[in-house]
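Architecture at a glance
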Amino acid sequence: QKEVEQNSGPLSVPEGAIASLNCTYSDRGSQSFFWYRQYSGKSPELIMSIYSNGDKEDGRFTAQLNKASQYVSLLIRDSQPSDSATYLCAVFSGNTGKLIFGQGTTLQVKP
Amino acid sequence: DTAVSQTPKYLVTQMGNDKSIKCEQNLGHDTMYWYKQDSKKFLKIMFSYNNKELIINETVPNRFSPKSPDKAHLNLHINSLELGDSAVYFCASSRGQPAGTQYFGPGTRLTVL
């Protein structure tokens, strides 16, 4: 079982729709959870972090965490073509000091 | 001002050669990392240094040797390059102890022929 799993996609949504990206993780001791965005040929860029169960909203982005189900998600409202990128879920363990990434979900937002 | 910089951006070399990649951060961070991103876009930690001290050393061939001359710099030297070393290598940094909020450099695309 991979430590952090994501559906690689591509996930295709029309402009203005809600994009929903999901991630599961295996280490119950994980303490903090992150979503990074990576445009093609560019470096990963942090867009959201979440540390406790529930929802966290930042502009058009909402991160959701359910530690009991070991599940993290990212919702992007009013999706724009500029949101087209690969979204990397990442899980940090303070015990190991490692940030473990999923394989990423490619999102395509069609005008 | 670039926060995390890497040189070179592209590196094309023959099998068996030795090469180095340099990384510098001007964020005042204490922890720096090297990641490898393979052709399937999977991003994996290789090494981590905190205040020049090696704290994470993943299962990486010992042909890879990181060096941190000071906390703002982390270099990666690779000996006897192999075809499978072809990838994009990212340097990253974070404040204080290792953390999930990391700032990535632009990456170095290494191609071994």
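To be clear, the structure that these remarks concern was listed above.
These lines cover the structure that appears in this document, whether it is placed above or below. (Residues numbered from 1 in each chain as written. Chains lettered and ligands numbered in written order. Predicted model: local features only at pLDDT ≥ 70, side-chain atom pairs only at ≥ 80, totals over all residues. Heavy atoms only, no water.)

Things to note about the packing of aromatic side chains
The final tally for this structure, using the stated rule, is 10 aromatic pairs over all chains. Between Tyr25(A) and Phe33(A), the aromatic rings sit 4.8 Å apart at their centres with planes inclined by 45°, giving tilted as the arrangement. For Tyr25(A), a relative accessible area of 5% gives the class buried. On the basis of an interplanar angle of 75° and a centroid distance of 6.2 Å, the ring pair of Phe101(A) and Phe104(B) is categorised as edge-to-face. Here Phe104(B) lies in strand E10 (residues 103–104) and Phe101(A) lies in strand E10 (residues 98–101), a pairing that spans two chains. Residues Phe101(A) and Phe104(B) agree in their burial class; the two are buried. Note that Arg60(A) overlies the ring of Phe61(A), its terminal NZ or CZ placed 5.6 Å from the centroid. (Phe/Tyr/Trp six-rings, centres within 6.5 Å; stacked < 30°, edge-to-face > 60°. Buried < 20%, exposed > 50% of the residue type's maximum accessible area, 1.4 Å probe, protein only. Helix = DSSP H or I, 4+ residues; strand = E, 2+ residues; numbered from the N terminus. Lys NZ or Arg CZ within 6 Å of the ring centre and 35° of its normal.)

With respect to a positive patch on the surface
A grouping of Lys42(A), Lys9(B), Lys41(B) and Arg109(B) is seen on the molecular surface, where their side chains present a positively charged patch. Among the secondary structure elements, Arg109(B) is positioned in strand E11 (residues 108–112). You can call Arg109(B) partly exposed: its relative accessible area is 40%. (Patch = residues over 30% accessible without salt bridge, like charges linked within 9 Å, V, L, I, M, F, W, Y side chains within 5 Å. Areas by Shrake-Rupley, 256 points an atom, 1.4 Å probe, with all protein chains shown as cover. Salt bridge = Lys/Arg side-chain N within 4 Å of Asp/Glu carboxyl O. Lys, Arg positive; Asp, Glu negative; His and termini not counted. Charge placed at Lys NZ, Arg CZ, Asp CG, Glu CD.)

Digging into unusual backbone geometry
Cis rather than trans, the peptide bond between Gly9(A) and Pro10(A) has omega equal to 10°. With an omega dihedral of -5°, the bond running from Thr7(B) to Pro8(B) counts as a cis peptide bond. Despite not being glycine, Gln70(A) has its phi angle at roughly 55°, a positive value. Here Gln70(A) is to be found in the loop between strand E7 (61–66) and strand E8 (71–76).

Regarding the interface of chain B and chain A
Between chain B and chain A, the residue contacts involve 18 residues of the former and 17 residues of the latter. Together chain B and chain A conceal approximately 1,400 Å² of surface at their shared face, both sides included; 58% is due to carbon and sulfur atoms. Looking only at chain B, the three residues that lose the most surface to chain A are Leu43(B), Gly100(B) and Phe104(B), adding up to 30% of its buried area. Seen at the junction of chain B and chain A, the total is one salt bridge. Across the contact surface, chain B and chain A share five residue pairs in polar contact (both at pLDDT 80 or more). Only strand E4 (31–37) and strand E5 (43–50) of chain B provide two or more residues apiece to the side of chain B that touches chain A. For the side of chain B that touches chain A, the class distribution of residues is 10 nonpolar, five polar and three charged. (Contact = heavy atoms within 4.5 Å. Buried area = accessible area lost by both parts, 1.4 Å probe. Polar contact = N/O pair within 3.5 Å; in protein donor to acceptor, adjacent residues only side chain to side chain. Nonpolar A, V, L, I, M, F, W, Y, C, P; charged D, E, K, R; others polar.)

Observations regarding the pairing of E4(B)
Residues and elements named next belong to chain B. Judged by how many residues are buried, E4 sits mostly within the fold: six of seven residues are covered. Bridge analysis of E4 against strand E9 (residues 87–94) gives seven bridges, and the strand direction is antiparallel. Each residue of the ladder has a partner; that of lysine 36, found in E9, is tyrosine 89. (Pairing = 2+ DSSP bridges.)

So, the pattern of salt bridges
Following the criterion strictly, the structure yields eight salt bridges over all chains and no others. Glu57(A) is the salt-bridge partner of Arg77(A), the closest N and O atoms lying 3.4 Å from each other. With Arg77(A) in the loop between E8 and strand E9 (85–93) and Glu57(A) in strand E6 (residues 54–58), the pair connects residues that are 20 residues apart, well separated along the chain. Residue Arg77(A) is classed as partly exposed on the basis of its relative accessible area, which comes to 27%. Put simply, Asp85(B) and Arg63(B) hold a salt bridge, and the shortest N to O gap is 2.8 Å. With Asp85(B) in the loop between strand E8 (73–78) and E9 and Arg63(B) in the loop between strand E6 (53–57) and strand E7 (64–70), the pair connects residues that are 22 residues apart, well separated along the chain.

A look at the state of the cysteines
For the coordinates displayed, the defined rule picks out two disulfides over all chains. Between the sulfur atoms of Cys23(A) and its disulfide mate Cys89(A) the distance is 2.0 Å. On the sign convention where negative means left-handed, the S-S torsion of about -70° between Cys23(A) and Cys89(A) marks this disulfide as left-handed. Taken together, the positions of Cys23(A) in strand E3 (residues 19–25) and Cys89(A) in strand E9 put the pair 66 residues apart, joining distant regions of the chain. Cys89(A) shares its class with Cys23(A); the two are buried. Between the sulfur atoms of Cys23(B) and its disulfide partner Cys91(B) the distance amounts to 1.8 Å. Because the torsion about its S-S bond is -75°, the bridge between Cys23(B) and Cys91(B) counts as left-handed. Taken as a pair, Cys23(B) in strand E3 (residues 19–25) and Cys91(B) in strand E9 lie far apart in primary sequence, 68 residues in all. (Disulfide = S-S within 2.5 Å.)

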